[in-house]
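# Coordinate analysis (summary)
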Amino acid sequence: MPLNYARDIPDLVLSPMGVTEALGISANGEFVPKKRITHDLSFKGCHSQESTNSRIIDESLEPCMFGFCLSRLIHKILQLRKRFPSNTIWIRKEDVKSAYRRIHMHPDSAFKVGVQAKLDGTTYLVISLRLPFGGKPCSSEFCILSDIITDTTNDLMADKSWDPTKVHSKFVNEIPRPRKLPSNIPFERAKEISVPLHEEDECKADVFIDDIISVAVDKDDNLQRIIAAPCTAMHAIAHSSSNGTFLPRDNFIADDKNDAEGAAEEEKICLGLVLNTRTLTISLPTHKFKAWSAQVNETLHKRKIDIKSLRSLLGRMENIAIIIPMFGHFLSNVRQLEIKAALSNRSQRINKPCKFWMRVGENSILVQDFIPKHFYCIRMYLIIKGFSR
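On a predicted model such as this, the values are computed, not experimentally measured, just so you know.

Definitions and cut-offs
- Residues numbered from 1 in each chain as written.
- Predicted model: local features only at pLDDT ≥ 70, side-chain atom pairs only at ≥ 80, totals over all residues.
- Heavy atoms only, no water.
- Pairing = 2+ DSSP bridges.
- Helix = DSSP H or I, 4+ residues; strand = E, 2+ residues; numbered from the N terminus.
- Salt bridge = Lys/Arg side-chain N within 4 Å of Asp/Glu carboxyl O.
- Buried < 20%, exposed > 50% of the residue type's maximum accessible area, 1.4 Å probe, protein only.
- Expected span 1.5 Å × (residues − 1).
- Bend = angle between axes of the 7 residues up to and from the residue.
- Contact = heavy atoms within 4.5 Å.

## Side note on the pairing of strand β5 (residues 122-127)
In the sheet, strand β4 (residues 114-119) pairs with β5 via six bridges, with the strands oriented antiparallel. When the sheet's bridge partners are listed, Q116 is paired in β5 with L125. Following β4, the chain reverses through two residues before pairing antiparallel with β5; D120 in that reversal takes a positive phi of roughly 50°.

In structure tokens form, the structure reads like this:
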């Protein structure tokens, strides 16, 4: 609607939009540059000094379990490898197309996420009726849907009376064929894990926002189950009515990502990391490895660093801490530098302790083993000892 209507809408809140550059994936599996729209709902108002996100009542939000997805996947893969030392372990991904944009907003909430958009020289007021990317409660709201899909997927895979070759979504026919690693790559032996898991589970699905990730050992019809169950659960929840009383909409499953990443494989990029169930390793994709290593090297040759660059670097080093939790403890020097830069709003001198842990972080960007948590201290000691030499 025209922007001049904005003053006639009670309690309307406008937040800025922007565009950020990112890497997407093509149907051929290649990483291609793309632009993403951002909606800054943490932007503070000029007079109130409050943002839309700061007004959210945190206690009313549904708890999110996304943050532990990677840890759960690693433990499941280790458990399956321990039980089946010579069997293929498959990983699959199913992506919910448009994610947050699938969920309707309450009209009262929609007025809190208005934006301005200029088209052909004219500025318009845009009020979205779907969850925006950037809203604090949106992950909790979407979590309700994604958890239902994941729980349904797990129930379906565990149901021995279900025949995946007879009862399944028509989308099964669009999923690429499974891909195994070369037979000359040996199966790595798994160490004991410190957390007991249910041994009856041979197929398991987990979720991180819009990525439904399934893991299964190659035994009986488990491969067919992780191929058919996720898309069947998604199709059942988002199916179109057969009597013609529905609004036309896109498939619930992202076709382009399915073509590139939908095949069951032993090595797959999950949550930005390459998981290899044959060699039991975690590594960065090539493009990330190059970018992260280059950033650390560039920083090590600087005397000072600004807050934007520091936060970017710290965010990447915290990704390492997800795989090596003890490494997060040693990032205190870098975090302290970030606090100083944020308070002073000025570039900060990079001291020796910070440079030391940046070098250790660069060393850790290489391939990391799947290791139970009680072995992390040993691994960290070896990295530090090797660096000190």
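Okay, back to it.
## Points about the pattern of salt bridges
Across all of its chains, the model carries 16 salt bridges by this definition. With a closest N to O distance of 3.2 Å, R92 and E94 form a salt bridge. Taken individually, R92 and E94 each receive the classification buried, so the pair is uniform in this respect. Between K268 and E265 there is a salt bridge, with its nearest N and O atoms 2.6 Å apart. With respect to burial, K268 and E265 carry one shared label: buried. Linked through salt bridges whose partners overlap, the residues forming this network are R83, E202, K219 and D220.

## Here's the deal with helix α4 (residues 222-237)
Compared with the 22 Å implied by 1.5 Å per residue over 16 residues, the 23 Å span of α4 between its first and last C-alpha is a close match. Residue A228 marks the point of greatest curvature in α4, where the axis turns by about 25°; the proline P230 follows within four residues. Where burial is concerned, most of α4 is hidden: twelve out of the 16 residues are buried. The complete set of buried residues in α4 reads N222, L223, R225, I226, I227, A228, A229, P230, C231, T232, A233 and M234. Summarising the contacts, the buried residues of α4 are in contact with β3 (89-95), α3 (138-158), β6 (203-208) and β7 (211-217).

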